[in-house]
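Here are the chains, one letter per residue:
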Amino acid sequence: MTQGVAGELERLRASARERIESATDQKALEGLRVSLLGKKGELTTILRQLGGLPAADRAAAGAEANQLKDEIFQWITDRMGGLEAKRHTALGDTEWVDLTFVPNPVRRGHLHPLTLILREVKAIFSRLGYEVALGPQVEDEFHNFEALNIPQDHPARDTMDSFYVEADDLLLRTHTSPVQIRFMQSHKPPIRIIAPGAVYRRDATDPSHGSQFYQVEGLVVDHDIRLSDLKGTIEYFARSLFGPERRIRIVGDHFPFTEPSIGAAVSCGICGGIGCRSCKGGWLEILGAGMVHPQVLRNGGIDPERYSGFAFGAGLDRLAMLKYNVTDLRLFLENDVRFLRQF
Ligand SMILES: [Zn+2]
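Description of the structure in this document. This is a predicted model, so every value here is computed, not measured.

### Points about helix α11 (residues 316–324)
Phase 1 of the analysis: Three or more residues of α11 are buried, namely Leu316, Asp317, Leu319, Ala320, Met321 and Leu322.
Phase 2 of the analysis: Within two residues after α11, Asn325 carries a phi angle of roughly 55 degrees, on the positive side.

### Describing the sheet that holds strand β8 (residues 283–292)
Phase 1 of the analysis: Taken together, 7 strands build an open sheet; the order of strands is β1-β4-β5-β9-β8-β7-β6 and the sheet is mixed. The strands lining the two open edges of the sheet, one partner per strand, are β1 (131–132) and β6 (248–255).
Phase 2 of the analysis: Alignment of strand β7 (residues 258–267) against β8, held across 8 bridges, turns out to be antiparallel. Residue pairing in the sheet places Val266 in a bridge with Leu284 of β8.
Phase 3 of the analysis: Most of the contacts of helix α5 (residues 113–127) go to strand β4 (residues 191–200), to which it runs at about 165 degrees, and overall it touches β1, β4, β5 (212–222) and β9 (308–315).

### Observations regarding the environment of Asn144
Phase 1 of the analysis: Relative to the assigned elements, Asn144 resides in helix α6 (residues 141–144).
Phase 2 of the analysis: What makes Asn144 buried here is its relative accessible area of 0%.
Phase 3 of the analysis: Setting aside residues no more than four positions away along its own chain, Asn144 makes contact with Glu139, Ile150, Leu171, Arg173, Thr174, His175 and Pro178.
Phase 4 of the analysis: Reaching out from Asn144, the side chain makes a polar contact with the side chain of Thr174 at a distance of 2.9 Å.

### As for the pairing of β4
Phase 1 of the analysis: The element β4 is largely enclosed, with a buried count of 9 among its 10 residues.
Phase 2 of the analysis: Across 2 bridges, β1 lies against β4 in parallel orientation. Among the inter-strand pairings, Val132 is bridged to a residue of β4, identified as Ile194.
Phase 3 of the analysis: Sheet topology note: the β4/β5 ladder contains 10 bridges and is antiparallel. Looking at β5, one finds that Ile194 is bridged to Gly218.

### Describing α5
Phase 1 of the analysis: When the terminal C-alpha atoms of α5 are compared, their 21 Å separation across 15 residues agrees well with the 21 Å that a helix rising 1.5 Å per residue should span.
Phase 2 of the analysis: Of all the positions in α5, only Pro113, Leu114, Ile117, Leu118, Val121, Ile124 and Phe125 are classed as buried. Taken end-on, α5 shows its buried residues confined to a sector of 135 degrees, consistent with a single buried face. Within α5, the exposed residues directed more than 90 degrees away from the buried face are Arg119 and Arg127.

Procedures and definitions
- Residues numbered from 1 in each chain as written.
- Predicted model: local features only at pLDDT ≥ 70, side-chain atom pairs only at ≥ 80, totals over all residues.
- Heavy atoms only, no water.
- Buried < 20%, exposed > 50% of the residue type's maximum accessible area, 1.4 Å probe, protein only.
- Helix = DSSP H or I, 4+ residues; strand = E, 2+ residues; numbered from the N terminus.
- Pairing = 2+ DSSP bridges.
- Contact = heavy atoms within 4.5 Å.
- Axes fitted to C-alpha atoms, helices over the stretch in contact; angles between N-to-C directions.
- Polar contact = N/O pair within 3.5 Å; in protein donor to acceptor, adjacent residues only side chain to side chain.
- Expected span 1.5 Å × (residues − 1).
- Arc of directions from axis to C-beta.

In structure tokens form, the structure reads like this:
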């Protein structure tokens, strides 16, 4: 055996042993196995030189190399076992599980209070045979104003002045009443609808006003519809929503699109009707209503000689405020979970 190959094997033996002993994990050991014993590994490279040796030397060097191969394999196996044993011993520190740990509970979301109140209103009116009608939020002036008896110079336009959209006669609807016109234009009586949705006004924001809020309006058109039908409907609605013990008060009011017009209030749930900070002398206004003005029926394509009808409109936000005793409208839109979680 020549000094060259024997020397190389000896050096490899020392360095391989050292590297295997200092490997700290399974991956490093696997890497060493490949770089030492693999097809292009260090030992294989030395073995390739054997072919150039005289026959006598070749056998001795081959035996030596094979022995080193077995040794390296054994060292790797031993080191692997050692590391595994160490991992087992350390398991209690590295992979412990705290069986007493209580994770944060997963909170289920729920519907927004305005959605809850809308669903309740829909349910109440569906029991009375109403269907839900929807319309565009960008309206033309005819459907939003003129068809509802609010001409250009009508004082109601001042308070209801709105957000206009590019073209001069398009605006964000100021109430859901245009849905009534659209529905009358496309349907024949009997009509029994509620029209819920977002409306927009150029109001400064305060606890009871916002530039966007929600309304729900109702319209009934049929033969021989009377004010007493409206009154009964309001009573049924208010008692269903606020509870059977609430008293209902109906007073005269004025709207351009109804004649006569009325306003409805329920007795205050906080003071029981005695009068408190939340109410006006024991009463809370919930909606405006009236018999549909004959001209409005005509604008909707309905003959007021044959048919009559009533309409009502309420602020959905306001209904929610009254039902849930919320004092600031803005809370509904701020999406603060501390507020929303209560419902
Ligand atoms: Zn009160």
